[in-house]
Amino acid sequence: MNILGHLTAMPALPEPLKGLRALAYNLWWSWNPEATELFQEVDPALWKRFRENPVKLLLEVDPARLEALAETPFRSQVEGVVEALRAYLEARTPLKGELVAYFSAEFGFHSSLPIYAGGLGILAADHVKAASDLGLNLVGVGLFYHQGYFHQRLSPEGEQVEVYEDLLPEELPLLPVLKDGKPLRVGVEFPGRTVYLGALRAQVGALPVYLLTANLPENAPEDRALTARLYAPGLEMRIQQELLLGIGGVRLLRALGLSPKVWHMNEGHSAFMGLERVRELVAEGLSFREALEVAAAGALFTTHTPVPAGHDAFPLDLVDKYLGGFWGRLGTDRETFLALGLEEKPWGPVFSMSNLALRLSRRANGVSRLHGAVSRRMFAHLWKGLLEEEVPIGHITNGVHTWTFLHPRLKRLYAEAFGPEWLKRPQEAATWRVEALGEEFLRVRRELKEDLIREVRRRVHEARRRNGESPARLRQAEALLDPEALTLGFARRVATYKRAILLFKDPERLRALLKGPNPVQIVFAGKAHPKDEAGKAYLKELITRIRELGLEDRMVVLEDYDLYLARFLVQGVDVWLNTPRRPMEASGTSGMKAALNGALNLSILDGWWAEAYNGKNGFAIGDDRVYESEEAQDLADALSLYDVLEHEVVPLFYAKGGGGVSAGWLAMVQESLRTLGPQYSAARMVREYQEVYYTPLSLEVERASRSLGLIRDFFQALPAFFGLKLRPEVPGDQILNGFPLEVRLFVEGAVPPALRPFLEAQLVARRSSGEVEVVPLKEQGGGFFGSYRPGRPGHYTYGLRLALRHPITGRVEWVLWA
């Protein structure tokens, strides 16, 4: 047949069930078990087959089944859930605060919408869900990858095989974005052509998320493929995708008539957004510097990457190719433009997306306390002369969306035990009345573990059958794992620094743990990036070692790790194991999800666990010391891991009394829930973003817009600051015995009037233990004078400097040291 077009016939739902359509197209259903249970009841087999996708379910279910359900009490259940959604939306009308645009290269809302690779996308989705729950005024922007992220298959030898599938938007909980009744289009200029973008809308509770797609008939085949795959290989493909996300995303919002006050970049992939906003302001008549400052005043950059190699950077010739005409539209030159993202590498200069994001935003943060410190160290070179502690990168520790990852059975149990206030405010510690959890809680935990084991057996059986393994191997899969044994989970992206094989440092010690009288069993899962050959080799090595040691009955590697499998794991294991090489884990969130469901964490003191662990709410591997080499660190951490398992985890789990319950284990689980459940919720996280960043930024962008003359004069005068000379008068080394240190600082050169209100002479003292004190000096006798008395005894170093504050943020940005 000569195909002229495609049709999708949507089902005509019986009148009493028409509310199912509204539910299917609002991802609110994904975190409300009453809604998912409705769809499951329509056809349990199809619901499971389609990975819990309600739109696909309604397309494929037998219409006679729907007609039959319409004559049963099911109709009342539908009405009740539709009313719950209506009440949820009504309670969040109008939304609170100024509009925030949240840009992310991936969103992991649900396994039926596989446009996410891992933690970054799931965190982005949790951010939007929590913002909806809190009623905040936020709009999401991302890309729709019509081949998504890959499905993983593992060969019998442990080789990873990537399988892609075409995603049909009409079969997903997405709706096309229209304008005047026609599909909306925006364009992004590429060399010699314009790439056109359409958009699909994912409704996430009260908030929309717009997903851009280039898979349009207006585009050439090679351009339609630009949004085919998440993190497609090749630098040229990557810069094209990021131009579509950043520039195309801003143009989409403008086409929709939206004018966000705050612009949030979730990682550097969307940093070109800042350039487009500068271009808009220049087109309105502002100079380049004025436009940059106004655009940056309303922007926030969140970095998730603790290693320099993980940040996107492009060769300058690629930037010239795709942005060669852009600096003229910004009212500047090539050198000034490239300086926004310039990064010097051993092999030469590159254009760093993270550097660009930092220079186009006035707020930035890491995603845990430790990661904030790592990021300040990593990017300190962008603020020359500032102390590392002063580098303007803060932190907000990640959290997880409680209702997405908490098992429905536990949600109902917690609601009964904790009371109704917990359902309204899960981020508040006072609502977690964990002492009420006991026998019924442990019973549900056993059921969830049995659910996990059934899923493990099903998956392993299916993988072995597909790989043509023997009937004996298939029978073994049906008996894998023991519901009574201590079960550990280890699931995350496969990368060498995450050290999945750390347990194999001492094979005999490992074998004794797994095969001893109090046995341990471990479930592994994770995908390596398609182009990460080291990661794929690491995964193969893990599978090979398990087989060589004859531990396949105690250590299982599952394929195709995604949100669907993740829920089984975090809800079913006893202990969540995490072994990154410190400090390379920015945050991590899987352990938070496991803790929410009553598992305990056994982790390196990295990322979120470095601040969450209190000695009573889980187990720590190693400490915070710095090692001379990775080999020394790996050995020390492996020995600590064995010790903690042998002497803490295993004995506590198996110290069961007459009722078959370990009172010590239950007490630690209660402490884990009490301390981690509220603090590491996405509700707490998003509330902090609102208070610490969104609200101040909305005020600062207003201030910047009203202060164009101040900005112009300040930055015209700024070069003169670096021409000033400082002459200190200090006593040098001195022992203070009850008397203060007295210092003077003289400035040689003319200070421009535009800078004077923002200048401050300062004494900076650092104690040998690391604490810093900054003491302002007073103008006196043609210079500056000050005295300093340390707050506590000890050894100090000190220096004098001239500090210049930013005229909009009031933060020290430039310094001259004497």
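Details of the structure are given in the entry above.
Attention here is on the structure that accompanies the text. Fair warning: this is a prediction, and the values are worked out from it, not measured in the lab.

Analysis parameters
- Residues numbered from 1 in each chain as written.
- Predicted model: local features only at pLDDT ≥ 70, side-chain atom pairs only at ≥ 80, totals over all residues.
- Heavy atoms only, no water.
- Helix = DSSP H or I, 4+ residues; strand = E, 2+ residues; numbered from the N terminus.
- Rg over C-alpha atoms; globule rule 2.2 N^0.38 Å.
- Buried < 20%, exposed > 50% of the residue type's maximum accessible area, 1.4 Å probe, protein only.
- Contact = heavy atoms within 4.5 Å.
- Areas by Shrake-Rupley, 256 points an atom, 1.4 Å probe, with all protein chains shown as cover.
- Lys, Arg positive; Asp, Glu negative; His and termini not counted.
- Charge placed at Lys NZ, Arg CZ, Asp CG, Glu CD.
- Pairing = 2+ DSSP bridges.
- Core = buried A, V, L, I, M, F, W, Y, C linked by side-chain atoms within 4.5 Å.
- Axes fitted to C-alpha atoms, helices over the stretch in contact; angles between N-to-C directions.
- Parallel < 35°, antiparallel > 145°, perpendicular 65-115°, else oblique.
- Left-handed = near helix turned anticlockwise from the far one by under 90°.
- Nonpolar A, V, L, I, M, F, W, Y, C, P; charged D, E, K, R; others polar.
- Expected span 1.5 Å × (residues − 1).
- Arc of directions from axis to C-beta.
- Polar contact = N/O pair within 3.5 Å; in protein donor to acceptor, adjacent residues only side chain to side chain.

Further remarks concern the overall build of the chain. On a plain count of helices and strands, the chain comes out with 30 helices and 31 strands. Computed over C-alpha atoms, the radius of gyration of the chain comes to 29 Å, within 12% of the 28 Å expected from 2.2 N^0.38 for 818 residues, which places it in the range of a compact globule. Along the three orthogonal principal directions, the C-alpha set of the chain runs to about 90 × 70 × 50 Å. Taking all 818 residues of the chain together, the buried fraction comes to 58%. Within the chain, residue pairs in contact and separated by at least 24 positions form 73% of the contacts whose partners lie at least 6 positions apart. Per element, the accessible surface of the chain, about 33300 Å² overall, is 53% carbon and sulfur. One finds the centroid of the 97 positive side-chain charges in the chain at a distance of 1 Å from the centroid of its 102 negative side-chain charges.

Pairing between strand 3 (residues 151-154) and strand 4 (residues 160-163): four bridges, direction antiparallel. When the sheet's bridge partners are listed, leucine 154 is paired in strand 4 with glutamine 160. Counting the residues between successive antiparallel strands, the hairpin from strand 3 to strand 4 contains five residues, one of them, glycine 158, with a positive phi of roughly 95 degrees.

Bringing the nonpolar core into the picture now. The biggest cluster of nonpolar side chains holds 251 residues, and the ones touching the most others in it are Leu20 and Leu602. Residues in contact with leucine 602, not counting those within four places in the same chain, are Leu488, Val575, Trp576, Leu577, Asn578, Phe619, Ile621, Leu641, Val644, Leu645 and Val649. Membership of the second largest hydrophobic core comes to 21 residues, among which are Val460, Ala477, Val523 and Leu565.

With that settled, consider the packing of helix 11 (residues 288-297) against helix 29 (residues 682-706). As a packed pair, helix 11 and helix 29 sit with axes 8 Å apart at the nearest point and diverge in direction by 160 degrees. In this view, helix 11 runs roughly antiparallel relative to helix 29, as classed from their interaxial angle. In terms of crossing hand, the pair formed by helix 11 and helix 29 is left-handed. Contacts from Glu293, Val294 and Ala297 of helix 11 reach helix 29 at Leu697, Glu700, Val701, Ala704 and Ser705.

Here helix 2 (residues 33-42) crosses helix 18 (residues 408-418) at 140 degrees, and the two axes come no closer than 11 Å. In this view, helix 2 runs oblique relative to helix 18, as classed from their interaxial angle. For the pair helix 2 and helix 18, the sense of crossing is left-handed. Facing helix 2, whose interface residues are Pro33, Glu34 and Glu37, helix 18 presents Pro408, Lys411 and Arg412. Of the residues contributing to the contact of helix 2 with helix 18, the split by class is two nonpolar, no polar and four charged.

So, on to helix 23 (residues 533-548). Between its first and last C-alpha atoms helix 23 spans 22 Å; for 16 residues at 1.5 Å apiece the expected length is 22 Å, and the two agree. Those residues of helix 23 lying buried are Gly535, Lys536, Tyr538, Leu539, Leu542, Ile543 and Ile546. Down the axis of helix 23, the smallest arc covering the buried residues is 160 degrees, so these residues share one side. Away from the buried face of helix 23 by more than 90 degrees, exposed residues Glu533 and Glu548 are located. If you follow the buried residues of helix 23, they end up packed against strand 3, strand 4, strand 19 (520-525) and strand 20 (555-558).

Once that is clear, we can look at the environment of glutamine 762. Looking at the element boundaries, glutamine 762 is found in strand 26 (residues 759-767). The spatial distance from the C-alpha of glutamine 762 to the C-alpha of alanine 299 is 29 Å, given a sequence separation of 463 residues. Contact partners of glutamine 762, with chain neighbours within four places excluded, come to Val774, Val775, Pro776, Leu777, Gly799, Leu800, Arg801, Ala803, Arg805 and Val812. Within polar-contact distance, the side chain of glutamine 762 engages the side chain of glutamate 760 at 2.7 Å.

Attention shifts here to the sheet that holds strand 29 (residues 783-788). Spatial strand order, 24-25-29-28: four strands in an open sheet with antiparallel pairing. A single partner strand is all that each edge strand has here, and the edge strands are strand 24 (725-729) and strand 28 (778-780). Averaged over all pairs of adjacent strands, the angle between strand axes in this sheet comes to 30 degrees, irrespective of strand direction. Looking at chain direction, strand 24 and strand 25 (residues 741-748) are connected through five bridges and run antiparallel. Considered in strand 25, the bridge of proline 728 is made with leucine 745.

Read these as geometric descriptors, not functional statements.
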